[in-house]
Structures are given as C-alpha cells and as structure tokens.
Amino acid sequence: MGDLDGRNLCWPGGGFRHPFKMAVVVPVYLSHGRVAEAGVVLMTMNAILQVLVLFIVLLALAKPLGWYMARVYEGKPFVLDRLFGPVERAMYRLSGVRPADEMNWKSYAVAMLLFNVAGFLFLYGLQRLQGLLSLNPVNLGAVAPDLAFNTAVSFVTNTNWQAYGGETTLSYMTQMLGMTVQNFVSAATGMSVLVALIRGLSRSTSTTLGNFWSDMVRSTLYILLPLALLVSVLLVSQGVVQTLRPYQMAMPLQAIGYGKAMADPNSQGVLDEQGNH
C-alpha cells in the first residue's frame, strides 16, 4: 500500500510506483512460470470483455442519445421537458437569464470564463475553510493553499486530477458542494462550448452561437442529472455505500485497521466517469 499524499507508493512484492509514471515494478507471474516484463500492462479476458461491452453500449446509444441531445439544445419537445421544465424556468427567473437572447462568440466566451472563475474561487475557498464547516465527522483541517489551488483548477477545468487522498483530505461538505457540483457544471461547460462550436460551423449567416447560460442549464438538467440518477440507482441496488454516517473502522486481512468514509464512493464514481467520458 502507500501514503495518501501521492508520493512513493509501495506495492505488494516490494515494488514502488512513481506518481507520474505508469510502470509498476512488481513481478507478475504468467502461465508456465513465465514472468512479465516490468512496466508491461497485461489485459485479462475480463478486461477485454469490459472494453468490448463498452464499445457496444456506446455504439448502441450513439443514435438515440444524439437525437435526444439535439432536441435538448434545439429547444424542441422531448420527454423530460415536462418534468424538469418548471425547474428550468424557475432557475432563469431567479438568475435573471433570458434564454431566448443569443450571444455572439465574444459574449459567449466571456460568460463561460466568468462562470469558471467564480467556480474556481468558490471551490478554493471551500477547501480552505472546510475545518470551520459542518459535515466534517473526522474534523479535517483546511486544505493546504497549493493543494487547494491545484484541486480547484483541476475540477473546474474537468481534468479531475486528484493529488490527495480524498477520504483523508476532504470533508463530506467539500466533496458534495465542491467536487460533486464541479463534476456536473464543468462537464456541462465543455458540452456547451462544443454545442456553440457546432452552431458556429452550421450557421452560415447568423453571428450568434446561442446562450451560454441556457446551454449549461439544459446540459446539466436534461442530460447529466438524469444519467447520474440512473447510474446511481443501479449502484445503490448493488450495495454501493452512500450515507452521511461517520467513518467506519474497517479491518482487512492484515492486522491494521483504517477509517473508511461512508459518503464518497457512489456519487463521485458516477460523476467522475460521466464527466470524463
């Protein structure tokens, strides 16, 4: 095992892994007593099947999901607009956004940059002040300035680079209000910019690209949120933990116990995969 700061990680067999290198210096024994070459990544039949299933699912969903997303961004009727339409309109009224007012590329870019700057400042401040906030059952202190900066930039840009041990660095509050929110809105920002690019390429006479605020709200409300809810229900049905209970002491086969967070695995796993793919 290894330390949670992302430095030298010791693996079974005495090998070490550098945080920026993928080569693992651990002997892997193959059939007939052969030893795999260091740094070689071996795919099992199970891994190959998972990749094949992923490609099949992506191909099967490409046309129906593309049709659905096109209707979402074009403002045409679809199934979920009856359910989430009132929520969308309420968000526009509260924020003063007029979704019918389209923006040129400069206004669209400025709105996107301002939104991401605000998200960065909020996430950075949340990490620095987490020791004073609630939902912190193990009384984790403030995240170091450099780590908080790196994490905020990473999640706001949808990079999701984690140079820390989530269970020993971030409180439940920080993960829910900070990381989870950014896993939604940073992905929605990227989707909105892509849609604006497509509009710019397809519109031969118009000088506008749509409305950034409307595109981001619709990306989150009608695409990302339903997908997250669907996969979350699937994970909960399989027993994946998702509560706000205090850390539980886990006793592995080795005679060493460690505290296990109870709120992280479900939502973060869903949103990480959703945002990255």
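Residues numbered from 1 in each chain as written. Predicted model: local features only at pLDDT ≥ 70, side-chain atom pairs only at ≥ 80, totals over all residues. Heavy atoms only, no water.

Asker: It is not clear to me how the overall build of the protein chain should be interpreted in this structure. Could you clarify?
Answerer: Check the secondary structure of the protein chain and you find eight helices and four strands. Along the chain direction, N to C, the helices and strands of the protein chain fall in the order β-β-α-α-α-α-α-α-α-β-β-α. Across the 277 residues in the protein chain, those meeting the buried criterion constitute 32%. For the protein chain, the share of sequence-separated contacts (at least 6 apart) that also reach a separation of at least 24 residues comes to 64%. Accessible surface, the protein chain: about 17,500 Å² in total, of which carbon and sulfur atoms supply 69%. (Helix = DSSP H or I, 4+ residues; strand = E, 2+ residues; numbered from the N terminus. Buried < 20%, exposed > 50% of the residue type's maximum accessible area, 1.4 Å probe, protein only. Contact = heavy atoms within 4.5 Å. Areas by Shrake-Rupley, 256 points an atom, 1.4 Å probe, with all protein chains shown as cover.)

Asker: Where do I start with unusual backbone geometry in this structure?
Answerer: Trans is the prevailing form of peptide bonds, just as negative phi is the prevailing case for residues other than glycine. Phi is positive for Asn-139, which is not a glycine, with a value near 55°. With respect to the helices and strands, the residue Asn-139 is situated in the loop between helix H3 (105–128) and helix H4 (145–156). With phi around 60°, Asn-160 is a residue other than glycine that occupies positive phi space. Summarising the element assignment, Asn-160 is placed in the loop between H4 and helix H5 (166–169).

Asker: Would you mind going over the packing of aromatic side chains with me for this structure?
Answerer: Here a ring pair, both rings aromatic, is described through the centre-centre distance and the interplanar angle of the planes. Considering all chains together, one arrives at nine aromatic pairs under this definition. Relative to Phe-78, the ring of Tyr-68 lies with its centre 5.5 Å away and its plane at 85°, an arrangement referred to as edge-to-face. Of this pair, Tyr-68 sits in helix H1 (residues 45–74) while Phe-78 is found in the loop between H1 and helix H2 (81–95), placing the two residues 10 residues apart along the sequence. Each member of the aromatic cluster is reached from another via a ring pair, and the members are Tyr-68, Phe-78, Phe-84 and Tyr-222. (Phe/Tyr/Trp six-rings, centres within 6.5 Å; stacked < 30°, edge-to-face > 60°.)

Asker: What am I meant to see in helix H7 (residues 212–237) here?
Answerer: Working note: α-helix, 3.6 residues per turn, so residues spaced by three or four point in the same direction. In this model, H7 (26 residues) spans 36 Å end to end at C-alpha, consistent with the 38 Å of a helix rising 1.5 Å per residue. Its maximal kink placed at Leu-224, H7 deviates by approximately 35°, while the proline Pro-226 follows within four residues. The backbone nitrogen of Trp-213 has a side-chain oxygen 3.0 Å away, supplied by the residue at the start of H7, namely Asn-211. Gly-239 sits one or two positions beyond H7 and adopts a positive phi of about 90°. (Expected span 1.5 Å × (residues − 1). Bend = angle between axes of the 7 residues up to and from the residue. Polar contact = N/O pair within 3.5 Å; in protein donor to acceptor, adjacent residues only side chain to side chain.)

Asker: Would you mind showing me how to read H1 here?
Answerer: Between its first and last C-alpha atoms H1 spans 42 Å; for 30 residues at 1.5 Å apiece the expected length is 44 Å, and the two agree. The set of residues buried in H1 consists of Tyr-68, Val-72 and Tyr-73. Taken together, the buried residues of H1 touch helix H6 (172–202) and H7. Directly after H1, the chain includes Gly-75, whose backbone phi takes a positive value near 75°.

Asker: I tried to follow the packing of H2 against H7 on my own but got confused; where do I start?
Answerer: A pair of packed helices is characterised by two quantities: the angle between their axes and the separation of those axes. Here H2 crosses H7 at 145°, and the two axes come no closer than 11 Å. H7 is crossed by H2, and the crossing has right-handed handedness. The residues of H7 that touch H2, namely those facing Asp-81, Phe-84, Gly-85, Val-87, Glu-88, Met-91 and Tyr-92, are Ser-214, Val-217, Arg-218, Leu-221, Tyr-222, Leu-225 and Pro-226. Considering only residue class, the contact of H2 with H7 consists of nine nonpolar, two polar and three charged. (Axes fitted to C-alpha atoms, helices over the stretch in contact; angles between N-to-C directions. Left-handed = near helix turned anticlockwise from the far one by under 90°. Nonpolar A, V, L, I, M, F, W, Y, C, P; charged D, E, K, R; others polar.)

Asker: How do you make sense of the packing of H3 against H6 when you look at a structure like this?
Answerer: Contact geometry of H3 with H6 gives a least axis separation of 10 Å together with a crossing angle of 165°. Viewed along their axes, H3 and H6 adopt a mutual orientation that is roughly antiparallel. Of the two elements, H3 crosses H6, and the hand of that crossing is left-handed. For the pair H3 and H6, the contacting residues are Tyr-108, Met-112, Phe-115, Asn-116, Gly-119, Phe-122, Leu-123, Leu-126 and Gln-127 in the first and Met-173, Thr-174, Leu-177, Gly-178, Met-179, Gln-182, Val-185, Thr-189, Ser-192, Val-193 and Ala-196 in the second. (Parallel < 35°, antiparallel > 145°, perpendicular 65-115°, else oblique.)

These figures come from the coordinates and say nothing about function on their own.
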